[in-house]
Amino acid sequence: SLPAVRRSPWSQRVPGSRARLLDGSRAPAGPAPPQARPRKGAFSMQLSGPSLLPPARHLHKDSQVVQEHIRRKQQKQDFEKQQLQQLQHRNAQRRQKILVVANRLPTKPVRDSEGNWCFEKCSGGLVSCLSGIQGRFDMVWLGWPGVEVAPEDTEFVASEAMKHNCFPVFLPQDIINEYYNGFANNVLWPLFHYIMPPFDRGVNECSAGQWEAYKKANERFTEAILQVYEDDDYVWIHDYHLMLVPKMLRDAKPDSNIGWFLHTPFPSAEIYRTLPWRQEIIESLLHANLLGFHVYDYLRHFQSSCVQLTSLEISAHRVDATSIGGCCVNCATVPIGISPDDFVQALDSPQVKMQIEKFRGQFGDRKVVLGIDRLDYMKGIPHKLMAFGCFLDKHPDWAANCVLVQLAVPSRRDVPEYQRLQRQVHEIVGQVCGRHSSIECGAPVIYLDQSMSFYDLVALYRVADVALISSLRDGMNLVSYEFVACHKNNEHPGVLILSEFAGAAQSLGAGSIRVNPWNLQDTAEAIHEALEMSREDRMALHGYAFQYVSEHTSQKWAETFLQCLQEACSDLMEVAADVPPLLPYEELLAEWSESSRRLIVLDLLECLAPAKQRPGTRMQAKWRPKTFNLPSELAQCLQTIAASANTTVLVTTDKPRSTLEQVGYRIPSLLQAAEGCCVYRRPGSREWLPLIEDADPEGKEEWMEGVKSVFDYFRERTPGSYIEKQEYQYRWCWDNTQFDFGSAQAREVLIHLWAGPLVNSEAEVVVGDRSITVRPHACSRSACLERLLMGEIGEEDLQQLDFLLCFAVVSHR
């Protein structure tokens, strides 16, 4: 009898199986389409096929490659339209809901003079960014309320918060200290801004405890999401505080729609890999449908980290994480903006006009260089002050004709590093003023350790002739956007000097003077150039910058991200519809019992070997496994199936016969074929028999030696690659090589083969997943398998087969 069959990970993609669709119905049974597509999001090594487009200058609309991409794009658009119609039908009774999950709520509970709880609105850009989409969606905010609430008050505070569309996540103070002040701000934030931990205060028991608090806090947020989540809701998670939520939520709600946006830089892979918990975080993010970043550099760094840590396949804007239980994750560049109308309208207010006149009367004819930063060691305030000092050293006549107004908004005053930074800044201000001050004109630097009201800030932006931003590393820096907005309709608009290490430099670079803040002389020259720039050049720079700022607003940012999230979720539906995720076990068992002659073909590595032992799929061990272990329970099941009457079970692999010998002793009653079915052995036998018509294929020696030389050449120059020599074929494998480098090397291997030893040869080149195989024309896998079945089963019995089941992942060629 057939043993109990358990649902197994290797039965996730089986042509001909039926899937449960998103609406709960079952897909119609039947064979797979004859032109089944590869996994969506996978980077195919089909170098001559439609997966890789040539450069844009070589594209022609009528070419076969372009027409194939157009056809796929049209199919995708039709599918998205169909899914949108179904979604609108399901949501006819209610509007879709967005769950905005951030570390802090937009409102804060406080006690009034009588001791009662009330809510006050918090300042923050995220609230205004999402205000433009509130008319289209029901929006619920989830986050920490900002204060510790006693257990007896949590129910009342939560009910009052829901009146403001807020759902509070209550965290005890010890978790806040370890999760927010500890791991998020002392470990992740510095690392994401390229600051390595000091050797004497590196990873220790303290940071391990902070990691545990970080996990607990993310669990609390996930539990809160599940309390308000409904089917088809969109979950938008914000920033580095909540990077474990995507996986936790996906585990609880497999069909959830998850987007995550990072408001800081994402560091290069060399920096990120120093984080001890790098694996857990990167795996969790790969359970989201969409990952958003400010600029392409951050997206590229994230994908590079995925390649080096997980060996996953990536394309330009997608990571296929299905092999580790994640999603086909879309990655998008969505730069955030501001609401410029708020600043433009404020210019007409009486408060701002009065303050502008006051500032102009105070500064007189002196040019104003403005710096507005949070007092933080990544804002480059010391570099800015020293560069301004260099400028005055080179051009002392400007000391009486310009003034640097530096506003440093205090932050984290209780942290020793920030206290040292404040002292350092004060010392530099004193040095610059001491060298260049005069009794007639006063000091050339006005430094303020304080914040400023909105109307005073707008007035200061307006009177400034130059805005100097010298960030050492900044996710975006919206001060530059605000400065540009405040100079609308100005006859002499200000000039923006922008650090190339700020994310805004990729958006406003053509409308500003870009500088390297580490190069003090370069920054000093930029200040001089900005102060002496002609009106025409000022107008040209400002015109470009203002057009960008006015088009790429905060509302546009939110709409774009949600549109990308909807497209990413529809992509996931298309994958679920195209690739059946589960085998129909009940129907399979029914057909098995009704059949009289059966054949089962299994691939060793893709179906029988545990996932962690397959090359290219391990999350941590990057070396090629020396041994493969077949679970004893699985071996017994195979033996039982093979012992059934009129049943033949064949185990195949394209690996050398020695690989199959490692597990073959546990399944002696099965047919075993190795080396791409070129050799096989019968049940109970230890002798390998050839399946090639001629034991020594004609012309094999002509190309074998040349192919070996090419493979050896690239093996030495491609770390992590190796060669498999078999009796009838050679294979160069690069599954342990960094993906982008391995892909480039594989292209070079093909060119060397076709231009060298195979230039006049009939030998076949088979490009697989991270491998290139060269074999004689007589060694095709299908031909050898046909010979094996004809010889062992017979043509007459093959015609009588009424149950055929194949589990395999084979090369597209």
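Every value quoted in this text rests on a predicted model; they were computed, and no experiment measured them. (Residues numbered from 1 in each chain as written. Predicted model: local features only at pLDDT ≥ 70, side-chain atom pairs only at ≥ 80, totals over all residues. Heavy atoms only, no water.)

Help me understand the side chain of Thr-737 in this model?
In this fold, Thr-737 is placed in the loop between β24 (730-733) and α25 (739-755). We classify Thr-737 as buried; its relative accessible area is 5%. Within the structure, the side chain of Thr-737 is placed 2.9 Å from the backbone oxygen of Pro-719, a separation counted as a polar contact. (Helix = DSSP H or I, 4+ residues; strand = E, 2+ residues; numbered from the N terminus. Buried < 20%, exposed > 50% of the residue type's maximum accessible area, 1.4 Å probe, protein only. Polar contact = N/O pair within 3.5 Å; in protein donor to acceptor, adjacent residues only side chain to side chain.)

I keep staring at the packing of aromatic side chains and nothing clicks. Help me out?
Counted according to the given criterion, the structure contains 27 aromatic pairs. Centre to centre, the rings of Trp-236 and Phe-561 are 4.4 Å apart; their planes meet at 10°, and the pair counts as stacked. Residue Trp-236 is found in strand β6 (residues 234-238), and its partner Phe-561 is found in helix α19 (residues 554-578); the two are separated by 325 residues along the sequence. As far as the burial class goes, Trp-236 and Phe-561 line up, both buried. (Phe/Tyr/Trp six-rings, centres within 6.5 Å; stacked < 30°, edge-to-face > 60°.)

Before we go on, may I ask you to explain the sheet that holds strand β11 (residues 328-333) in this structure?
In a beta sheet, neighbouring strands are held together by backbone hydrogen bonds and run either parallel or antiparallel to one another. Across the sheet, 9 strands lie side by side as β5-β4-β1-β6-β7-β8-β11-β10-β9; this open sheet has mixed pairing. Each of the sheet's edge strands pairs with one partner strand only, and the pair in question is β5 (166-168) and β9 (313-315). Going across the sheet, the axis of each strand differs from the next one's by a mean of 20°, ignoring polarity. In the packing of helix α9 (residues 296-310) onto the sheet, contacts are made with β8 (290-293), β9, β10 (318-320) and β11, and the angle to β11 comes to roughly 155°. (Pairing = 2+ DSSP bridges. Axes fitted to C-alpha atoms, helices over the stretch in contact; angles between N-to-C directions. Contact = heavy atoms within 4.5 Å.)

I tried to follow α9 on my own but got confused; where do I start?
Each turn of an α-helix holds 3.6 residues, which means side chains three or four residues apart point in the same direction. For α9, built from 15 residues, the straight-helix expectation of 21 Å at 1.5 Å per residue is met to within 8% by its first-to-last C-alpha distance of 21 Å. In terms of burial, α9 is a largely internal element, 11 of the 15 residues being buried. Restricting attention to buried positions, one finds in α9 the residues Tyr-298, Leu-299, His-301, Phe-302, Gln-303, Ser-305, Cys-306, Val-307, Gln-308, Leu-309 and Thr-310. Immediately downstream of α9, the backbone of Ser-311 shows phi near 60°, a positive value. (Expected span 1.5 Å × (residues − 1).)

Before we go on, may I ask you to explain the nonpolar core in this structure?
For soluble globular proteins, nonpolar side chains are generally found buried alongside one another. Counting residues in each nonpolar core, the largest one holds 87 residues, and the members touching the most others are Tyr-179, Phe-302 and Phe-711. For this core, the element with the highest residue contribution is helix α4 (residues 173-192), accounting for 10 residues. One finds Trp-236, Phe-359, Phe-363 and Val-479 within the second-largest nonpolar core, a separate group that totals 72 residues. (Core = buried A, V, L, I, M, F, W, Y, C linked by side-chain atoms within 4.5 Å.)

What's the story with the pairing of strand β25 (residues 764-768) in this structure? I'm lost.
On a regular strand, one side chain projects to one face of the sheet and the next to the other, so that they alternate. The buried fraction of β25 is high, at 4 of 5 residues. Judged from the 5 bridges that link them, β25 and strand β26 (residues 771-775) form a sheet pairing that is antiparallel. When the bridges of β26 are listed, Val-766 appears paired with Thr-773. What sits between the antiparallel neighbours β25 and β26 is a turn of 2 residues, in which Arg-770 has the positive phi angle 60°.

Help me understand helix α13 (residues 416-436), please; the structure alone is not making it clear to me.
Look at α13: 31 Å from first C-alpha to last across 21 residues, which is about the 30 Å you get at 1.5 Å a residue. Here the buried face of α13 lies against α12 (381-394) and β14 (445-448).

Would you explain the pattern of salt bridges in this entry?
A side chain of one charge can pair with a side chain of the opposite charge when the charged atoms of the two come close. According to the stated counting rule, one finds 22 salt bridges in the structure shown. A salt bridge links Arg-657 to Glu-727, with the nearest nitrogen and oxygen atoms 2.8 Å apart. In this pair, Arg-657 sits in helix α23 (residues 657-664) while Glu-727 sits in the loop between β23 (722-725) and β24, placing the two residues 70 residues apart along the sequence. A relative accessible area of 22% places Arg-657 in the partly exposed class. The salt bridge involving Arg-715 is made with Asp-712; its shortest N-O contact spans 3.7 Å. One end of the pair is Arg-715 and the other is Asp-712, both in helix α24 (residues 700-717) and 3 residues apart, which spans about a single turn. Members of the salt-bridge network, linked through shared partners, are Asp-654, Lys-655, Glu-724 and Arg-731. (Salt bridge = Lys/Arg side-chain N within 4 Å of Asp/Glu carboxyl O.)

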